[in-house]
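# Chain and residue survey
Listed below are the residues making up each chain.
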Amino acid sequence: MDSLPPLGPDDVLAVPVGSGGGLPSWLDASSAPPVSPELLRGALADTGNKGRAGTLTAVPIAGRRPRSVAAVGVGEATLPDLRTYVATAVRRGQTLAEHGARRLVLPVDGPAAPAGSEEVRAAVEAALLAGYRFRDTSTPHPARLDTITVVAADAEDPVVSAAGRAGEISAAAVSWARDLINTPSNVKNPAWLADQAVERLSGLPHVTVAVLGPDELVAGGFGGVLAVGGGSATPPRVVVATYRPPGAGPAHPVLVGKGITFDTGGISIKPNAGMREMKTDMAGGAAVLAAVDAAARLGLPVTVTAVVPAAENAVSGSSYRPADVVRHVGGRTTEVLNTDAEGRMVLADGLAYARLELGATVLVDVATLTGAMKVALGTRTAGLFATTDGLAMALGTAGVRAGEQLWRMPLLEEHRDLLDSATADANNAPGNPGGSTAALFLEPFAGDLPWAHLDVAGPARAGADDAEVVKGGTGFGARTLLRWLEAGAPVDPPETVLD
């Protein structure tokens, strides 16, 4: 990049600072730089900013809005570093928007090489996702930036510009997922969630959305969904959204997402502190719907279906109980030991339905399923269980490209006996190790199909802003699934594995 676009009085400029404090070449090469390189180097030295990703030095420029230049560390300009740089710059720009700033100019070329398609896509996604906010207040929203201009040397290259557009579509889908997750449960019930899917998806080319109501669920044998949703005043639904483009091949990945719109724990009721975040217990359902949304808008040449069993796990005289035996789609039965292990009950129906009725060739489910996974992997990494190495590697590669961390967990035979039941095919709450036994519970419902389970209990919700992740629902999993679909939804090992 030889130069920047002209800067106006309402613009904020981000200057990427490489590892060791290196400045971009366009700054020194410019005959009229927007900020003096000498001044900038002095400010970096004064603040100890050596370019570590996300470090920020606000530089005052005479005659312009105070601190309207943000020198932000981009580290080694890896994709994670780039996302952190972009998110930091966007948050700085949004702060200045409250003082009149209207545009953020965001160069993304690295210190040693121009940004390619992957870098531009990552930057666009991070810029839009870092700026996401969900608010439902009576006070006016704070002022926001009108425009973020991502600047790259090769922006006119059709491949690079297409990557930027893909980043916009991906970020918009994730933002929709975040809206669904963050909506409070006095608004969000199974019928509302189904209506949102119909409203957004049914008008897209080659997309059909079907909603199975209580009568269809009874007829279809959705015993798990009906049991979990039986205690609520709002009956359960199952959303089936299919994108089927002309000329798509025989592959039909089906994505099953947990859609519990609020989880009290049922008769096995949660303590109050454990219930406060349970409006987000349908984050897996939001992620799979968002993946179908983005796949359709990108026009990917692959058929894909999202199945979202949606229910509210409530407490009433009609709630399901410990010691009940529930029959799922396909006939497999479960002894209920704990009504708070409800996610696997609805996922079981969704997986069996996808296998038996939808012609799935590969299954991936996404769910905020176990607190054990949050303990094991923290709040930025999802657990990945899979029945084939190829599918696990393909999803892991997709996660790296998407910027979503996955860690493969084992399906251990020595834990399988913990699922034994004297009255049913399995019990739903065998205890520790909770993440592993939950995955083992689900595995039979996938039959012989390649199957993967993403337990996103940690990264599906965030307690604070961090890079492109914002406080609240994150939409985790949607970008990984989209990248996997863009690669053709492979179940064989990828030819190359990213570091």
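As shown above, the structure is provided for reference.
Read on for an overview of the structure. All figures in this text were calculated on a predicted structure; none of them were measured in a lab. (Residues numbered from 1 in each chain as written. Predicted model: local features only at pLDDT ≥ 70, side-chain atom pairs only at ≥ 80, totals over all residues. Heavy atoms only, no water.)

## Notes on the overall build of the protein
Assigned secondary structure in the protein consists of 15 helices and 19 strands. Rg of the C-alpha trace for the protein: 24 Å, near the compact-globule value of 23 Å for 499 residues, within the 12% margin. Burial statistics for the protein: of 499 residues in total, 56% are counted as buried. Once local pairs closer than 6 in sequence are excluded, the contacts in the protein between residues at least 24 apart make up 75%. When the accessible surface of the protein is summed, it comes to about 19400 Å², and 52% of that surface belongs to carbon and sulfur atoms. Taken as two groups, the 40 positive and 53 negative side-chain charges of the protein have centres that lie 6 Å from each other. (Helix = DSSP H or I, 4+ residues; strand = E, 2+ residues; numbered from the N terminus. Rg over C-alpha atoms; globule rule 2.2 N^0.38 Å. Buried < 20%, exposed > 50% of the residue type's maximum accessible area, 1.4 Å probe, protein only. Contact = heavy atoms within 4.5 Å. Areas by Shrake-Rupley, 256 points an atom, 1.4 Å probe, with all protein chains shown as cover. Lys, Arg positive; Asp, Glu negative; His and termini not counted. Charge placed at Lys NZ, Arg CZ, Asp CG, Glu CD.)

## Some words on the environment of I169
Looking at where I169 falls in the secondary structure, it is placed in helix α5 (residues 158-182). Given a relative accessible area of 8%, I169 falls into the buried group. Ignoring anything within four residues of it in the chain, the contact list for I169 reads A294, R297 and L298.

## Some words on the environment of V211
You can see V211 is positioned in strand β6 (residues 207-212). The class of V211 is partly exposed, set by a relative accessible area of 31%. Separated by 97 residues in the primary sequence, V211 and V308 have C-alpha atoms spaced 9.5 Å apart. Leaving out residues up to four positions away in the same chain, V211 has contacts with A194, V198, R237 and V238.

## Side note on the sheet that holds strand β16 (residues 426-427)
Two modes of strand pairing occur in sheets, parallel and antiparallel, and in both the strands are linked by backbone hydrogen bonds. Spatial strand order, β11-β12-β16: three strands in an open sheet with mixed pairing. Two strands lie at the open edges of the sheet, namely β11 (325-327) and β16, each paired on one side alone. As defined by bridge partners, strand β12 (residues 333-335) adjoins β16 across two bridges and the pair is classed as parallel. Across the sheet, residue T334 finds its bridge partner in β16, namely A426. (Pairing = 2+ DSSP bridges.)

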